[in-house]
Structure formats: C-alpha cells, structure tokens
Amino acid sequence: MIVISFTFFGSFNPSDQPAQPKDKVIGKSVDGSDLYLFEIQRLARFISTDRSDVEQLRGELPNLLNDGVVRVDFLETGLADLLARTYFDLLKEEMQSRLTHVQKFRPYAHPRAPFISVAALWDRFYPQIGEEIQALKKEETATPEMFAHLAKLYLEQTHVPQELTRRILLYQMQQIGGLEPDPQVQYGDFSLFGYHTLKDWFGSNYIDMTAQFIHNAALVAEEKGYRVGANEAKADLLRNFEQSLKGSKQSISFQQQLRAIGLEEKEAIEAWRKVLLFRRYIRGAGEATLLDSLPFKDLAAFAREKAVVHVYQLPESLKLQSADDLFALQFYIDTVGVAEKEILSLPLQSKPIEEIEKKAPAFVEVVYKGVVSSVSQEELSMRASMREVLQWQMDHWDEMAKKFPSLSQVFVDREKRFLHLESAPNRGAIDSWSRLQVVYTHPEWVEEAFEKARKKGQTISLSSGRTNLPFIENPDLFAEQIREAHLQGASLTVASDFTLYRIEQIEQESNLRIRSLADMKQDGSLLELVDSHLEKKYVQIRETTPSVFQAEGGGWRPFSEVKEKVGMAVYADLIRSIDRQEKTSNQPISFYVSRRMAGPMHHAWDEAQKEPIEMKGIDQFKLVRQEKELHRTAEENWMNNEAFFMVPNQWSPVYVPEDGQIVFFYLQEKKWDEEPVLAQMQAAKTTISKNAQLYLAKALLGKIQKHKAIVIPMQKEDDHV
C-alpha cells in the first residue's frame, strides 16, 4: 500500500518557476558528442528511486515510473561492483563517510528488554543482514569490497520493510506482561542505517556515474543499430506506472508523478528511452548467446573458458563448525603442541612424547596390526547334546549356584540336584548358559570354527583406558595381553557378548606416538576429555563470577546448560585474540568458531607467496592442496567469481565463510573446452547470460575510460547553479 501526502501538488507548477539556465558541457561522451550537465542530472534524478522504495520512504513519493534499473540491472547483476571497482578512487570519499556511519550504527534494542531487538529479528529471519553488517564493520577503510558488502545490504534490506519490522517488535512487546510499548518503536525510523534512497546508500557521485554509464551505453547502442522511439518509451513508462499502482488505494495521476520527481514529460521520456537502449544493448548480449553462437565467437570462447586452480584448504579435522569443535581444538593444541608466541598460531612442534604420556596418557597410543576373526559361542553351543549339558550341570553345581541364586541350596546327591533343577522357574536360562560353558570343554570345536571363520586385517590402537576394537571390555588388560602375545609370537582369543574373537599374526606397527586430532574427534574420546576438563574448571570459574552461573532458585546451574560460557571463560585469551584479529568484541560463539582458523590461513597465504610453497609444522595441521578445474558455466560460487576475473599466476584472497570452510587458491592457467558451446549454453543459460552481460559491460567500460566519458564530480564546488 502506498501512503503519501500530495498537499504540494496544487501549488507546484513548473511554468511558475524562473527560466532554467542554459545547459552546459562538462565533457565528451563515448561517441565524441558533448556531455551536458542538466541532461545527466535529470537521468540521475530519474533512476535515484524506484517503485520498490515505497516502504522505505514513508510518506515521500518514489519514482513509480522506474521499475528498478539500478537495483535490477546494476546491483543484482554485479555491474554495480564492476563500475565501482573501475572508478573507486572517485567514490572513495563518499564511501568512507558511509563506512564511518555504518560502524557507528547500532540497531534498535528495547531499553528494558534488550532481547527484543532488530538484531534478533535479523538473526532469526534475515541472517544475511547481520553477517554483511559485521563484514562492513571489519573494514578499516573504504574499499571496493566494502562497496560490495553495502550493495548486498541494500538488496537484502528491501526484504525487511519498516512497517513489518515495527509490527513484529510491537507484537513481541505485547507478549511480555508489564512491558509497555516503546514510543521509539511506534514512531521511529527503522530503515537500515537511516538510509532511504540510492543517494543515501551510495552517494551522489555514484548515481551520477551510473547515469553517465547508461547515457554512454545508449549512444553505443544506437551506433550498433538499436532504436527506441519516444512513443515506445512513453508506453513503457505508462505500463510501469500502472503496475506500480496495482493494489494501491492511492489515486495519483501520471502528471502528478512527474511533478513529484521534478521532471517534465519529455524529460522523463528521454531519460527512460536511454534506459531502454542501455538495457537492449547489455541484455541483448546475454540473450544472443542463447540463440546462436556463430556471430559471437568471442562470447562463445568466453563461455567455454575453464580455470585450473590449486586450492588450499584446511584438513577436515580443522574445519570447525561448533563450539565443541573450537574448545576441542584448543584443548588438543594445549596438550600436545609446543606453545607459539601467538595463541591463534598452530604449533610447529609437538611436545616430547614422554611428557605427553605422563600428563595426558589418553593422547598417546601404540599401534598393532593383526588378523581378526570371530565365531559365535551360541552357534557352537548347539553342538552340545542335552545329555552332555545335564552332565556338565551335575558336575558344576557350585559354579551354577553362583550364577543363579535359585540353585544356591546345597545338594550332594545328584538325584536331588536333578529334581531341584527340573523345578527351577528359570530352567531355560540355566540351560542356555550351561550350553555356553560346555563349549569351553571342547577346544576342538573352537579351533574348527576359527579355521572356517572369515579373517580380516585390523589396525589396533591402544591408549590409556581405550582401544579402537569395539568388543574389548577392559582396554588396559587387553593392552597387556596383546603385548604379551606379540612378544611370544602367539595368537590371542578374547570373549565378548557370546562371541569369541581371535587375533593372529600380531605385529607392532608403531611405538608410542601422539594420537591424531582427527582420530580423537571421530571416536568421541576428545570430546569426553574436553567436557571433563571444562567441568572441573567450572567449579573454579563459577566462584569468581557467581551471577553468571547461579540458578534462579539457588545453587549452581548444571554444567550442560553453561558449557559454552565455561568454555569461553576458560579460553578467554583465545577469544580476545580473535576479537583483536577481527576488530570486534562480544560476539556469539558461532562467530569465534568460524573465524578461529582465519589467522593461520592468512599466515599460510603469506607463506604461499613464496615459490615454491613450503608447508611447515606438524603434518596433521598442514593445508590440503587440491587441483581443480572451474567451469565458467558452472553454478556461481565464490571461487568461480574470483577465478574468472583474475589473471594466471595470481593468488586469490582468503575466503572466510560462516561454515568454517576457509580456503584460498592459486590460479595456474585458463583454457578452453573443445566441447560444442551450444550444449553448455543450454545447460547453463542463466550463468552465461549474466557473465556475457558483464563481459560486454567491461568492454564498454574500457571504451568509456579511454574516451574519459565519465566525469566525476560533474561540477566544481564553486560552480553549482
């Protein structure tokens, strides 16, 4: 719904205004024609708002004739980033002022119930907004990357209209008894950063630059034979206007809209005619690649392009995705590694194995290998006859009585034993157990079964109170038995849950060694040790900050409820180091999880600039290198976006996503497929179209630069009319 005041319409009349001064030349267009100040200003005014700005402007009328040329054709396609990167020196001052404003920005939070906040609303419904704001706040100075983050935020904030934000906050306040609505919520401005227009977001220079790009693109389009007449442009404007008013209760005329944006009809038509020419030229490149590749050899080669890259990423054990992962890694490093000067650095050396064994025996292991087979005692017991089972029972009455208390009465006479056994209520269980015992009296049955059993090679890891064999009930006893069997060159047979296991050909694969982080995470032993460590520390920490850990009814909160807080307190030095690295503070635990390995990866990137790359340190902490081929027509991702705008023999920046998959790569070469381009175009038409448009836009920008056809600023400070 459009809610606007039109009280000024009756008094405003362009004919009442003083005569406009003569337009003046500020430079040359790409075709050599004069570039006029007022002509570009009118085009800039036309594109500076569009119909999507209704919710953000609150009472002001946006340009309902504009269906979003900057939003759709520049920001969503990446052309805005390309333009900003090309002319960033001319935009830097305005971008710096916006960066300063963003870094001071604090989203609304209720003064008495801070959990009711705009930030919480973003986290729940639009997490990308919070992520992009954090990325912006990390920037120290205005950069093209900072512009890219701002552009993403501009697009994201359109999904969060002010009135929707206001209604959600008011609803949340109503759900809490005794909490009065905050007047700031009822009447405040909830536009992101207080920005309402493209000029607010990106500055007047960027809008002027975009208008000049459209103007120059329209001239080139006409040179290429594209035509758009005034009548066609007006018809398209009217269609835009009608679509903008659909569903609105407001009544506003076409002429009133023109007055609101301060343009005469012919001026608006001429501005939109240029937009249509620009669109047909740029969009036409993408559409043409989908129809016929023959006239577009350059674009066909572009679509077949592949990039060969060497990807450097963390081993799986260092890809952190939870608070448990973060605490486990630091606990492991502290236990086995020689401390580095910087806590975020990975250790280059391990502590002496004897020291680790003495202080943390669960972190070291001895490894054997052997051949393991198994047989079922229950299957073997079925070979025993009832006569044999009964005979064993009569001969081992005392042994049975220890297992089954119902047989505890002493009977010397075998006949009385038999009669008592016959009347036992659990006779079935007694017989089943007795059959299993009979098996031990027939070692030949066991040997025959093991000879036929399937054998499998097995690595056997032994550490304090632990082995990787799931059927071992007493790991420490088993460790002694297997060492003895190895020394004697014998086999070892153990029983577990009515199954007999035999280990043969036992060989020692390693002496005492440090267990790997990956193995300890996989079998869960590291998490158990970390939890035990933190729980012990909890007893100390809660005494120093009782208000954090006390339960409402008295006593202490259970460790399971406060584990993350305990971990952050125990590893406070680590958290502070990440804060310094990221230039932030008081972030949620997920923030520290995703950025824990950013420092080591940036250090590795620095090392990677040396030829050849040298991977220093402990093997399990070294980067994993993988060669990949990236296809331009593949689904877009960070690596594709970077690789195809780089030249060979360059390193990408370090990419730090939220999921902990930190990565960078080296671009070795670019090459082209021999496969028919039409098949690739059919499979990836959207990607090709978008990339082709950027390809053409980049070529056009080169031409514009050569002719100096963009002039910023358009006026000197003392030259304003």
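Thresholds, definitions, all that
The numbers attached to residues start from 1 for each chain and follow its sequence in the written order. Given that the model is predicted, a residue must reach a pLDDT of at least 70 before its local features are reported, and side-chain atom pairs must reach 80 or more before they are shown or counted; all residues, however, enter totals for whole chains, interfaces and linings. Hydrogens and water are ignored here; the side-chain numbers use all heavy atoms of the structure. Runs of H or I in DSSP of at least four residues are treated as helices and runs of E of at least two as strands, each being numbered from the N terminus. Burial classes: relative accessible area under 20% of the type maximum marks a residue as buried, over 50% as exposed, and values in between as partly exposed (1.4 Å probe, protein chains only). Only heavy atoms enter the contact rule, under which two residues are in contact if any of them lie within 4.5 Å. Areas reported as accessible are Shrake-Rupley estimates using a 1.4 Å probe. Residue values count occlusion only from the protein chains shown. What we call a nonpolar core is a set of buried Ala, Val, Leu, Ile, Met, Phe, Trp, Tyr and Cys residues that are connected through their side-chain atoms within 4.5 Å. We call two strands paired when DSSP finds no fewer than two bridges between them. In the sections that follow, a salt bridge refers to a side-chain nitrogen of Lys or Arg positioned within 4 Å of a carboxyl oxygen of Asp or Glu. For every residue, the predictor assigns a confidence score, pLDDT, that lies between 0 and 100. As a rule, the C-alpha atoms of each element are fitted with a line to give its axis, helices using only the stretch in contact, and angles between N-to-C directions run from 0 to 180 degrees. The scheme is simple: roughly parallel for angles under 35 degrees, roughly antiparallel for over 145, roughly perpendicular for 65 to 115, oblique for anything else. Residue polarity follows a fixed list, in which Ala, Val, Leu, Ile, Met, Phe, Trp, Tyr, Cys and Pro are nonpolar, Asp, Glu, Lys and Arg are charged, and the others, Gly among them, are polar. Expected helix span is computed as 1.5 Å times (number of residues minus one). For Phe, Tyr and Trp, rings pair up if their centres lie within 6.5 Å, where Trp contributes its six-membered ring, and each pair is then called stacked (planes under 30 degrees apart), edge-to-face (over 60) or tilted (otherwise). In this scheme the handedness of a crossing depends on how the near helix is turned from the far one: anticlockwise by less than a right angle means left-handed, clockwise means right-handed. A 3.5 Å cut-off defines polar contacts: any pair of N or O atoms within that distance qualifies, except that in protein one atom must be a possible hydrogen donor and the other a possible acceptor, and neighbouring residues in sequence count only when both atoms are side-chain atoms.

## What about the overall build of the protein?
Part 1 of the argument: The number of helices and strands found in the protein is 35 helices and 11 strands.
Part 2 of the argument: For the protein, the residues scored as buried account for 47% of the 721 residues in total.
Part 3 of the argument: Look at the contacts in the protein between residues 6 or more apart in sequence, and 72% of them connect residues 24 or more apart.
Part 4 of the argument: Total accessible area computed for the protein in this model is approximately 37,600 Å², and 50% of it derives from carbon and sulfur atoms.

## Regarding the nonpolar core
Part 1 of the argument: Within the largest apolar cluster, 100 residues are counted, with the highest numbers of intra-cluster contacts made by Phe46, Ile47, Phe74, Phe193, Phe202 and Phe213.
Part 2 of the argument: With 11 residues, helix 12 (residues 204-223) is the largest single contributor of residues to this core.
Part 3 of the argument: Residues contacting Phe74, with those up to four places away along its chain left out, are Val69, Leu79, Ala80, Leu83, Thr210, Phe213, Ile214 and Phe278.
Part 4 of the argument: Counting residues in hydrophobic clusters, the runner-up holds 51 residues, among them Val530, Ile541, Tyr592 and Val654.

## Examining the sheet that holds strand 8 (residues 499-514)
Part 1 of the argument: The strand order 6-5-4-8-7 describes an open sheet built from 5 strands, whose pairing is antiparallel. Only two strands of the sheet have a single partner each, and these edge strands are strand 6 (466-467) and strand 7 (492-496).
Part 2 of the argument: As judged from the 2 bridges shared by strand 5 (residues 456-463) and strand 6, these two strands associate in the antiparallel manner. Bridge pairing links Leu462 to Thr467 in strand 6.

## Description of the pattern of salt bridges
Part 1 of the argument: Tallied over the full model, the rule gives 38 salt bridges.
Part 2 of the argument: The residue Arg427 makes a salt bridge to Asp431 at a minimum N-O spacing of 3.0 Å. On the criterion of helical spacing, the pair formed by Arg427 and Asp431 is a turn pair, its members being 4 residues apart in helix 23 (residues 427-439). Judged on exposure class, the residue Arg427 and its partner Asp431 are both buried.
Part 3 of the argument: Here the residues in one salt-bridge network are Glu365, Arg466, Arg513, Arg515 and Asp523, joined through shared partners.

## Regarding the confidence of the model for the protein
Part 1 of the argument: In the predicted model, the protein carries a mean pLDDT of 84, and 88% of its residues have values of at least 70.
Part 2 of the argument: At the low end of the mean pLDDT range in the protein sits helix 34 (residues 677-683), at 48; at the high end sits helix 17 (residues 323-336), at 94.
Part 3 of the argument: Note on residues 1-17: pLDDT is under 50 here. Beyond four places in sequence and across chains, it has 27 contacts.
Part 4 of the argument: Taken together, the stretch residues 677-684 has pLDDT below 50 and engages in 17 contacts with residues farther than four places along the chain or on a different chain.

## Here we look at unusual backbone geometry
Part 1 of the argument: Following Ile712, the chain continues to Pro713 via a peptide bond in cis, the omega torsion being -5°.
Part 2 of the argument: Topologically, Pro713 is positioned in the segment after helix 35 (685-706).
Part 3 of the argument: Not every positive phi belongs to a glycine, and Phe193 is a case in point at roughly 65°.
Part 4 of the argument: Among the structural elements, Phe193 can be located in the loop between helix 10 (183-187) and helix 11 (198-202).

## Here we look at the pairing of strand 1 (residues 25-28)
Each regular strand shows side chains that alternate between the opposite faces of the sheet.
Part 1 of the argument: Pairing analysis gives 3 bridges linking strand 1 to strand 2 (residues 34-36), with the strands arranged antiparallel. Across the sheet, the residue bridging to Val25 is Tyr36, located in strand 2.
Part 2 of the argument: Adjacent in sequence and paired antiparallel, strand 1 and strand 2 are bridged by 5 residues, among which Gly32 carries a positive phi angle near 95°.

## Overview of the packing of helix 17 against helix 27 (residues 525-544)
Two measures define how a pair of helices packs: the angle their axes make with one another and the distance between the axes.
Part 1 of the argument: At a minimum axis distance of 10 Å, the contact between helix 17 and helix 27 shows a crossing angle of 85°. When the interaxial angle is binned, helix 17 and helix 27 end up roughly perpendicular. Residues Asp324, Phe327, Ala328, Phe331 and Tyr332 of helix 17 form the contact with helix 27, whose participating residues are Leu526, Leu527, Leu529, Val530, His533 and Leu534.
Part 2 of the argument: Of the residues contributing to the contact of helix 17 with helix 27, the split by class is 9 nonpolar, 1 polar and 1 charged.

## Concerning the side chain of His149
Part 1 of the argument: Looking at where His149 falls in the secondary structure, it is placed in helix 8 (residues 144-157).
Part 2 of the argument: Leaving out residues up to four positions away in the same chain, His149 has contacts with Glu132, Ala135, Leu136 and Glu139.

## Thoughts on the sheet that holds strand 11 (residues 663-672)
Part 1 of the argument: The strand order across the open sheet formed by 4 strands is 9-3-11-10, and the pairing between neighbours is antiparallel. On the outer flanks of this sheet lie strand 9 (624-631) and strand 10 (650-651), each paired with one strand and no other.
Part 2 of the argument: The pairing of strand 10 with strand 11 spans 2 bridges and is antiparallel. Across the sheet, Gln650 pairs through a bridge with Leu667, a residue of strand 11.
Part 3 of the argument: The sheet strands contacting helix 32 (residues 598-608) are strand 3 (305-313), strand 10 and strand 11, and the helix crosses strand 11 at an angle near 45°.

## A look at the pairing of strand 5
Part 1 of the argument: The sheet contact formed by strand 4 (residues 364-376) and strand 5 spans 7 bridges and is antiparallel. Following the sheet pairing, Val371 is matched in strand 5 by Gly457.
Part 2 of the argument: If you look at the hairpin formed by strand 5 and strand 6, you'll find 2 residues sitting between the two strands, and Gly465 has a positive phi there, around 70°.

## What about the environment of Arg166?
Part 1 of the argument: In this fold, Arg166 is placed in helix 9 (residues 162-174).
Part 2 of the argument: Residue class for Arg166 comes out buried when judged on its relative accessible area of 5%.

## Describing helix 17
Part 1 of the argument: Relative to the 20 Å expected for 14 residues at 1.5 Å per residue, helix 17 spans 20 Å between its end C-alpha atoms, a close match to the ideal helical length.
Part 2 of the argument: Within helix 17, 12 of the 14 residues are buried, which leaves the element mostly enclosed by the surrounding structure.
Part 3 of the argument: Where helix 17 is concerned, the buried positions are Ala323, Asp325, Leu326, Phe327, Ala328, Leu329, Gln330, Phe331, Tyr332, Ile333, Thr335 and Val336.

## A short note on the packing of aromatic side chains
Part 1 of the argument: In this structure the tally under the stated criterion is 30 aromatic pairs.
Part 2 of the argument: Look at Phe74 and Phe278: their rings are 5.2 Å apart centre to centre, the planes differ by 20°, and that puts the pair in the stacked class. Highlighted residues: Phe74 in helix 3 (residues 69-75) and Phe278 in helix 15 (residues 265-289), separated in sequence by 204 residues.
Part 3 of the argument: Among the residues examined, Phe74 registers a relative accessible area of 0% and is labelled buried.
Part 4 of the argument: Aromatic pair Phe193 and Tyr195: ring centres 5.7 Å apart, planes at 65°, arrangement edge-to-face.
Part 5 of the argument: With relative accessibility at 9%, the residue Tyr195 sits in the buried group.

## Topic: the packing of helix 20 (residues 386-395) against helix 22 (residues 414-422)
Part 1 of the argument: Between helix 20 and helix 22, the shortest axis-to-axis distance is 10 Å and the interhelical angle comes to 115°. Viewed along their axes, helix 20 and helix 22 adopt a mutual orientation that is roughly perpendicular. As helix 20 packs across helix 22, the resulting crossing turns out to be right-handed. In contact with Leu390, Gln391, Gln393, Met394 and Asp395 of helix 20, helix 22 contributes Arg414, Arg417, Phe418 and Leu421.
Part 2 of the argument: Here the contact of helix 20 with helix 22 is composed, by residue class, of 4 nonpolar, 2 polar and 3 charged.

## Details of the side chain of Thr143
Part 1 of the argument: Note on placement: Thr143 falls in the loop between helix 7 (127-138) and helix 8.
Part 2 of the argument: In this structure the side chain of Thr143 is engaged in a polar contact, spanning 3.4 Å, whose partner is the side chain of Glu139.

## Brief notes about the environment of Lys703
Part 1 of the argument: Within the secondary structure, Lys703 sits in helix 35.
Part 2 of the argument: Sequence-wise, Lys703 and Asn216 are 487 residues apart; in three dimensions their C-alpha atoms are separated by 9.8 Å.

## Quick word on helix 12
Part 1 of the argument: Between its first and last C-alpha atoms helix 12 spans 29 Å; for 20 residues at 1.5 Å apiece the expected length is 28 Å, and the two agree.
Part 2 of the argument: Of all 20 residues making up helix 12, 17 are buried, and the element is well covered by its neighbours.

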